[in-house]
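So you can see what is in the structure, the chains are spelled out below.
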Amino acid sequence: MNKNWWKNAAIYQIYPRSFQDSNGDGIGDLNGIIQRLDHLKYLGVDAIWLSPVYESPNIDNGYDISDYQKINPEYGTMEDMDRLIEEADKRSIKIIMDLVINHTSSQHFWFQEALKSKDNPYHDYYIWRTSADSNLPNSLMADSASAWEYVPSLDEYYLHLHSKEQPDLNWKNPEMKKAIWKMIIYWLEKGIGGFRLDVIDLIGKEPDKLITKNGPELHPLIHELNQETFGNYNVVTVGETWGATPEIAKLYSNPERKELSMVFQFEHINLDKQAGKRKWDLKALDPQKLHQVFSKWQRQLKNEGWNALFWNNHDLPRIISRWGDDSRQYRELSGKMLAIYLYFMSGTPYIYQGEEIGMTNYEISDISEVNDIESRQMYYDRLDKGYSKEEILQSINTKGRDNARHPMQWDLSTNAGFTTATPWLVVHPNYKDINVETALAKQNSLFFTYKELIELRKNNYDIINGEYEILNTGNPDVLAYIRYKENEKIIVVVNFSKQLQQYSLQINLNHSKCLIHNYNTKINNSNELQAYEAFAVKVSGNNL
Ligand code: GLC
Ligand code: CA
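Residues numbered from 1 in each chain as written. Chains lettered and ligands numbered in written order. Predicted model: local features only at pLDDT ≥ 70, side-chain atom pairs only at ≥ 80, totals over all residues. Heavy atoms only, no water.

Observations concerning the coordination of the calcium ion (ligand 2)
Octahedral six-donor coordination of a metal ideally yields angles of 90 or 180 degrees, compared with 109.5 degrees for tetrahedral four-donor coordination.
Thought 1: Around the calcium ion (ligand 2), the donor atoms from the protein are D21 (OD), N23 (OD1), D25 (OD), I27 (O) and D29 (OD), and they sit 2.2 to 2.4 Å away.
Thought 2: Each donor residue of the calcium ion (ligand 2) belongs to the same chain, with the gaps between them written as D-x1-N-x1-D-x1-I-x1-D.
Thought 3: Among the residues examined, D29 registers a relative accessible area of 4% and is labelled buried. (Donors = N, O, S within 2.8 Å, 3.2 Å for Na, K, Ca; no water. Buried < 20%, exposed > 50% of the residue type's maximum accessible area, 1.4 Å probe, protein only.)

In structure tokens form, the structure reads like this:
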């Protein structure tokens with residue numbers, strides 16, 4: 001297998017709890033995923049990133065791991081996991097595991113031992129500080145609460161950058177590092193396709209200096225991790241790095257440095273929040289800013305790194321509700337526009353479950369409908385601070401993580417075919433319109449746009465990874481770019497708005513060949529675009 005297989009791959013993220021239940025307990029599971037592999041094969045995916053399926057008390061739905069080498073019984077057994085790897089492999093699909101090594105669950109054996117005494121060999125696997133008086137060691141915060149939790153029996157505080165049930169590991173402890181490496185090799189030896197590394201930019205933290213992301217030891221640590229573990233296998237690695245700039249992303253993903261294959265950067269994702277505030281503090285998206293951000297990343301990582309391309313994941317609201325339009329009239333059109341815009345960018349695309357059929361946000365009217373720990377904590381915190389209930393619910397409905405976590409919508413049967421029991425989180429009532437069965441029955445559905453785009457990317461790899469330039473359209477809502485390699489060019493033009501837009505390109509598209517278009521009409525060379533109209537064309541030869 002080619003060492004850079006992941007550069008030409010499409011990766012599909014599964015949130016196992018919500019994908020497919022196979023045993024009627026209302027919770028998605030590994031056997032459910034096996035049942036649905038053919039759907040993924042048909043879509044054209046090469047690998048699955050599986051959100052955590054390890055043993056966990058589920059305070060943060062599996063991102064709090066209590067045993068890295070056991071499967072959460074809700075999801076199945078290790079035999080089921082092995083079978084999933086095997087069944088996926090039969091379809092040439094790789095399994096990418098989620099690697100949560102910034103912290104463990106407080107239920108992990110290591111932490112339970114660490115609590116016993118300061119002399120316990122596991123004590124130093126975590127980060128502890130004492131304080132002479134009852135003041136906290138310092139002002140580090142986990143969201144809106146202190147990041148330090150006091151343990152009276154030890155008269156010490158431990159650090160947790162997430163919930164207090166997720167204590168941070170001490171990456172300065174050599175024994176802890178070795179234990180993690182060993183665990184990683186255990187998974188690699190099963191023949192998995194790689195790892196997604198959860199909040200990996202936190203592992204070089206210096207809590208006493210209030211440094212969390214991008215600490216001084218971060219890159220040496222990741223290089224070491226690479227050399228001791230996955231660097232010796234033909235796998236893909238993608239880091240979750242909220243703090244990455246293009247310069248930092250190059251440190252991770254320049255192959256010469258032997259760190260990671262790529263990182264998820266979040267600069268575009270942060271464009272609809274108020275500067276310096278939290279994601280809950282909403283602001284409208286400026287499409288021109290979005291275009292500038294994407295263009296910057298395209299240019300800066302060229303030859304020196306690699307991009308991960310995504311609109312969605314299990315922490316983000318549904319993209320059509322967010323930056324498209326989830327009304328009946330425009331849902332699929334705007335979804336296609338967003339996909340066409342992204343899929344001629346250089347990098348590896350990630351599709352989050354349900355994105356391919358255009359699933360939408362789920363609106364709540366009361367906090368009792370929310371499972372997600374992050375939204376719940378924010379809700380009570382902001383109520384205390386005097387925000388109105390309406391305002392907080394609006395933030396949750398717009399940005400809350402549950403939006404992405406409602407069950408996958410498969411068909412028209414009860415609970416959308418996700419489960420025969422009561423689902424752990426309700427199925428969106430719009431499932432009768434939005435489901436895989438209906439999408440497959442409709443020749444021009446969003447699903448087929450995704451399928452086609454995945455294929456187009458493979459057939460035009462060299463151009464898509466060629467040069468990149470922004471094309472000026474004279475209209476801030478019309479985004480355009482060109483990719484080219486020698487005499488072959490692809491031009492992408494999208495109307496990011498619901499209004500009819502005029503635009504002008506300095507290029508004549510008369511002799512171009514249409515690659516994809518979200519309207520069932522001929523591309524109009526009159527320089528007018530309908531609501532959310534988007535297309536990509538190919539031009540060969542010198543006629544530009
Ligand atoms: C990452 C995960 C998120 C989790 C957090 C803590 O951001 O994507 O779901 O809550 O890390 O592990
Ligand atoms: Ca189940």
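Next, the rest of the story.
A closer look at the domain arrangement of the chain
Thought 1: When its domains are assigned, the chain resolves into domain 1 (109-159) and domain 2 (465-540).
Thought 2: Between domain 1 and domain 2, the C-alpha centre-to-centre distance is 56 Å. (Domains from an automatic or database assignment.)

Remarks on the side chain of H428
Thought 1: Mapped onto the elements of the fold, H428 is located in the loop between α12 (389-399) and α13 (436-441).
Thought 2: Judged by its relative accessible area of 11%, H428 falls in the buried class.
Thought 3: In terms of polar contacts, H428 uses its side chain to reach the side chain of T360, at 3.5 Å.
Thought 4: Among the polar contacts listed, one links the side chain of H428 to the backbone oxygen of N361, at a separation of 2.8 Å. (Helix = DSSP H or I, 4+ residues; strand = E, 2+ residues; numbered from the N terminus. Polar contact = N/O pair within 3.5 Å; in protein donor to acceptor, adjacent residues only side chain to side chain.)

Things to note about the packing of aromatic side chains
To describe a pair of aromatic rings, one takes the distance between the centres and the angle between the planes.
Thought 1: Per the counting criterion, the structure on display carries 34 aromatic pairs.
Thought 2: Arranged with centres 6.2 Å apart and planes meeting at 80 degrees, the rings of W6 and W306 form a pair that is edge-to-face. Of this pair, W6 sits in the segment before β1 (11-14) while W306 sits in the loop between α8 (287-301) and β14 (308-309), and the two are 300 residues apart along the sequence.
Thought 3: With 5.0 Å between their ring centres and 75 degrees between their planes, F19 and W410 make a pair best called edge-to-face. Remark: W410 occurs in the loop between α12 and α13 and F19 occurs in the loop between β1 and α1 (30-35); sequence separation between them is 391 residues. W410 shares its class with F19; the two are buried.
Thought 4: Linked through ring pairs, Y54, Y68, F109, W110, Y122, Y125, Y186 and W187 together constitute an aromatic cluster. (Phe/Tyr/Trp six-rings, centres within 6.5 Å; stacked < 30°, edge-to-face > 60°.)

With respect to the site of ligand 1
Thought 1: With respect to spatial proximity, 13 residues lie near ligand 1, and among them D60, D198, E240, H314 and D315 are the closest.
Thought 2: Between ligand 1 and D60, the relevant distance is 2.4 Å, taken from an oxygen atom to a side-chain nitrogen or oxygen of the residue.
Thought 3: In this structure, R196 approaches ligand 1 through a side-chain N or O atom, which is 3.0 Å from an oxygen atom.
Thought 4: Protein coverage of the free-state accessible area of ligand 1, which is 300 Å², stands at 95%.
Thought 5: When atom positions are compared with the pocket grids, ligand 1 is found to occupy the largest pocket.
Thought 6: Residues of the shell around ligand 1, tallied by class, amount to two nonpolar, four polar and seven charged. (Near = heavy atom within 4 Å. Areas by Shrake-Rupley, 256 points an atom, 1.4 Å probe, with all protein chains shown as cover. 1 Å grid on protein atoms, 1.4 Å probe; cavity = no way out; pocket = protein on both sides within 12 Å on 5 of 7 lines; lining within 4 Å. Sits in = over half its atoms within 2 Å of the grid points. Nonpolar A, V, L, I, M, F, W, Y, C, P; charged D, E, K, R; others polar.)

Comments concerning the nonpolar core
Thought 1: With 145 residues, the main nonpolar core has L50, M81, M97, I180, W187, F195 and F344 as its most contacted residues.
Thought 2: Mapped onto the domain boundaries, this core takes at least three residues apiece from domain 1 (109-159) and domain 2 (465-540).
Thought 3: With sequence-adjacent residues up to four places away left out, L50 is seen in contact with I14, P16, L30, I33, M81, L84, I95, I96, M97 and D98.
Thought 4: Formed by 15 residues, the second largest nonpolar core is a distinct cluster that contains L471, L505, L509 and V539. (Core = buried A, V, L, I, M, F, W, Y, C linked by side-chain atoms within 4.5 Å. Contact = heavy atoms within 4.5 Å.)

Examining empty space enclosed by the protein
Thought 1: Scanning all chains against the criterion turns up four cavities of 30 Å³ or more.
Thought 2: The calculated volume of the largest cavity comes to roughly 70 Å³.
Thought 3: Along the walls of the largest cavity sit K7, N8, A9, A10, G347, P349, I454, R457, K458, Y461, I464 and N465, which together make up its complete lining.
Thought 4: Of all the elements, helix α14 (residues 446-459) adds the most residues to the lining of the largest cavity, at three residues.
Thought 5: Residue classes in the lining of the largest cavity are distributed as six nonpolar, three polar and three charged.
Thought 6: If you add up the space inside the second largest cavity, you get close to 50 Å³.
Thought 7: As for the second largest cavity, its lining consists of Y362, I364, V370, I396, N397, G400, D402, N403 and H406.
Thought 8: Counted by class, the lining of the second largest cavity contains four nonpolar, four polar and one charged residues. (Points joined across faces, edges and corners; volume = space filled by probe spheres on them.)

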